[in-house]
Amino acid sequence: AQSVWGYDSDNGPERWHENYPLAKGDKQSPIEINSKDVQHDSSLSAWHASYDPGAAKTILNNGRTCRVVFDDTFDRSVLRGGPLSGAYRLRQLHLHWGSCDQHGSEHVIDGVKYAAELHMVHWNPKHGNFAGALKQPDGVAVVGIFLKVSKIENIKTKGKEAPFLHFDPSILFPKSRDYWTYHGSFTTPPCEECITWILLREPIEVSSDQMAKLRSLSKNSENEPVSPLVDNWRPPQPLKGRIVRASFK
Ligand SMILES: COc1ccc(C[C@H]2SC(=S)NC2=O)c(OC)c1
Ligand SMILES: [Zn+2]
C-alpha cells in the first residue's frame, strides 16, 4: 500500500519524507564514511557490553527485517563506555542486507558497501522508556556491525516468530573494538535524530549460506504472494557538516 513505508520504488527512502518529515533532517543516518575525513579522538574510551543471554526472547520476521528482541525491563543487557555516558539497555537487534553480496549495508566505508549491516539497538533508561528516549539526542545508541561473506560453516536460522533463548549477542562482536562514532538518526521512519552511532571498523564474517538464509526471508505474510525480503537498506544521507570521530589512529 502507498501509505506504509518500505524499500520499493513507490514507498522507499526517496519518499519517506512525505509522511516522516524528519527524514530530511540535518542528522540523518546512514552516512558515507571517508577515512581521510574522520578525526581521531584519543579521549574516546572503549565501549563495553555486558549482555545476559537469558534476556533474549524471540526472533521475528516483521516483513522489513529479521529482529531478535530482548527483555529491557531492567538493566539486564547493557552497553556502556565509548562515547556514551551511563548504561544503555539492549532492546533489539536486526539486520539490513542486499539482494547480492555486493551491497546491503547502510553505512558505506571508503566507497565499500558490505553484504549486510547488523544493528544492536540500545536505549538510555534515564528517559523512562524507549518512546521517550526516541525524543532525546542522547536517547539511543546503536552498535553497527558490517557483515562480509567468506567461506565459514553456516549456522541454521529460523524465519518467523520463534523462541530465541540463551543467545548472547556479544558473540557477534568482531575481535577489534575499534569504532567510528557520530550523531545521527534511525535509518527507517520515523527517522528520529536520537542516535549516538558506534560503528565497528572490523566486519564479522558470515558464509554465503547464511546470507542465503537472510535472503530466503519473505516480506509478505504467510498466505500472500511470495515477495523476497531483500534490499532493506537506506542509502547514505547528507553529512551536513557533522564530524565523525575514530577511536583508532
Ligand atoms: C519507532 O521505533 C522504531 C522504529 C524503527 C526501528 C528500526 C530502525 S532504527 C535503525 S538504526 N534501524 C532500523 O531498521 C526501531 O528499532 C529499534 C524502532
Ligand atoms: Zn537498522
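The structure reproduced in this document is the subject of the present report. All figures in this text were calculated on a predicted structure; none of them were measured in a lab.

As for the pairing of strand β9 (residues 116-123)
Successive residues of a regular strand alternate their side chains across the two faces of the sheet.
Working step 1: Burial analysis of β9 places eight of its eight residues in the buried class, which makes it a mostly covered element.
Working step 2: The sheet contact formed by strand β7 (residues 88-97) and β9 spans eight bridges and is antiparallel. Paired with His96 across the two strands is Glu117, which belongs to β9.
Working step 3: Note that β9 and strand β10 (residues 140-150) share eight bridges and pair antiparallel. From the neighbouring strand, Met120 faces β10, where its bridge partner is Val143.

Considerations on unusual backbone geometry
Working step 1: With omega at 0 degrees, the peptide bond leading from Ser29 into Pro30 counts as cis.
Working step 2: Looking at the element boundaries, Pro30 is found in the segment before β1 (32-33).
Working step 3: Looking along the chain, the bond that leaves Pro189 and enters Pro190 is cis, with omega of 15 degrees.
Working step 4: On the secondary structure map, Pro190 appears in the loop between β12 (179-184) and β13 (195-200).
Working step 5: Of note, the phi angle at Asp110 is positive, near 50 degrees, even though the residue is not glycine.
Working step 6: You can see Asp110 is positioned in the loop between β8 (108-109) and β9.
Working step 7: Note on Asp110: relative accessible area 41%, which makes it partly exposed.

Here we look at the coordination of the zinc ion (ligand 2)
Working step 1: Coordination of the zinc ion (ligand 2) by the protein comes from His94 (NE2), His96 (NE2) and His119 (ND1), over a distance range of 2.0 Å.
Working step 2: Between the four donor atoms coordinating the zinc ion (ligand 2), the angles at the centre fall across 97 to 122 degrees, so the site counts as tetrahedral.
Working step 3: Mapped onto the polypeptide sequence, the residues donating to the zinc ion (ligand 2) form the spacing pattern H-x1-H-x22-H. Taken as a pair, His94 in strand β7 and His119 in strand β9 lie far apart in primary sequence, 25 residues in all. Residues His94 and His119 agree in their burial class; the two are buried.

With respect to the pattern of salt bridges
Working step 1: As enumerated under the stated definition, the model contains 15 salt bridges in all.
Working step 2: Between Lys175 and Glu202 there is a salt bridge, with its nearest N and O atoms 3.4 Å apart. Separated by 27 residues along the polypeptide, Lys175 in the loop between β11 (162-163) and β12 and Glu202 in the loop between β13 and β14 (204-207) bring together distant segments of the chain.
Working step 3: A relative accessible area of 74% places Lys175 in the exposed class.

Notes on the site of ligand 1
Working step 1: Residues in close proximity to ligand 1 total 14 residues, the closest being Gln92, His94, His96, Thr187 and Thr188.
Working step 2: Within the side chain of Gln92, an N or O atom sits 3.1 Å from an oxygen atom of ligand 1.
Working step 3: Measuring from a nitrogen atom of ligand 1, one finds a side-chain N or O atom of His94 at 3.0 Å.
Working step 4: Contact with the protein chains covers 81% of the free accessible surface of ligand 1, which is 450 Å².
Working step 5: Among the secondary structure elements, those contributing two or more residues to the shell around ligand 1 are β7, β9 and β13.
Working step 6: Among the elements that take part in the shell around ligand 1, β7 stands out by supplying three residues, more than any other.

Some words on the packing of aromatic side chains
The way to describe two aromatic rings as a pair is by their centre distance and the angle between their planes.
Working step 1: Inspection of every chain in the model, using the stated rule, returns nine aromatic pairs.
Working step 2: Here Trp180 and Phe248 contribute two aromatic rings whose centre-to-centre distance is 5.5 Å and whose plane-to-plane angle is 70 degrees, an arrangement assigned as edge-to-face. With Trp180 in strand β12 and Phe248 in the segment after β15 (245-246), the pair connects residues that are 68 residues apart, well separated along the chain.
Working step 3: Phe248 sits in the buried class, given a relative accessible area of 12%.
Working step 4: Consider the rings of Tyr182 and Trp197, whose centres lie 6.4 Å apart with planes at 5 degrees: the pair is stacked. Of this pair, Tyr182 sits in strand β12 while Trp197 is found in strand β13, placing the two residues 15 residues apart along the sequence. Exposure class is identical for Tyr182 and Trp197. Each is buried.
Working step 5: Taken together, the ring pairs in this structure connect Trp5, Tyr7 and Trp16 into an aromatic cluster.
Working step 6: Of note, Arg64 hangs over the ring of Trp5, and the distance from its end group to the ring centre comes to 3.7 Å.
Working step 7: One residue, Arg177, lies across the ring of Trp47, its end atom 4.3 Å from the ring centre.

Parameters and conventions
- Residues numbered from 1 in each chain as written.
- Chains lettered and ligands numbered in written order.
- Predicted model: local features only at pLDDT ≥ 70, side-chain atom pairs only at ≥ 80, totals over all residues.
- Heavy atoms only, no water.
- Buried < 20%, exposed > 50% of the residue type's maximum accessible area, 1.4 Å probe, protein only.
- Helix = DSSP H or I, 4+ residues; strand = E, 2+ residues; numbered from the N terminus.
- Pairing = 2+ DSSP bridges.
- Donors = N, O, S within 2.8 Å, 3.2 Å for Na, K, Ca; no water.
- Tetrahedral: all angles 85-135°; square planar, octahedral: opposite > 155°, others 65-115°.
- Salt bridge = Lys/Arg side-chain N within 4 Å of Asp/Glu carboxyl O.
- Near = heavy atom within 4 Å.
- Polar contact = N/O pair within 3.5 Å; in protein donor to acceptor, adjacent residues only side chain to side chain.
- Areas by Shrake-Rupley, 256 points an atom, 1.4 Å probe, with all protein chains shown as cover.
- Phe/Tyr/Trp six-rings, centres within 6.5 Å; stacked < 30°, edge-to-face > 60°.
- Lys NZ or Arg CZ within 6 Å of the ring centre and 35° of its normal.

These results come straight from atomic positions and should not be treated as a statement about function.
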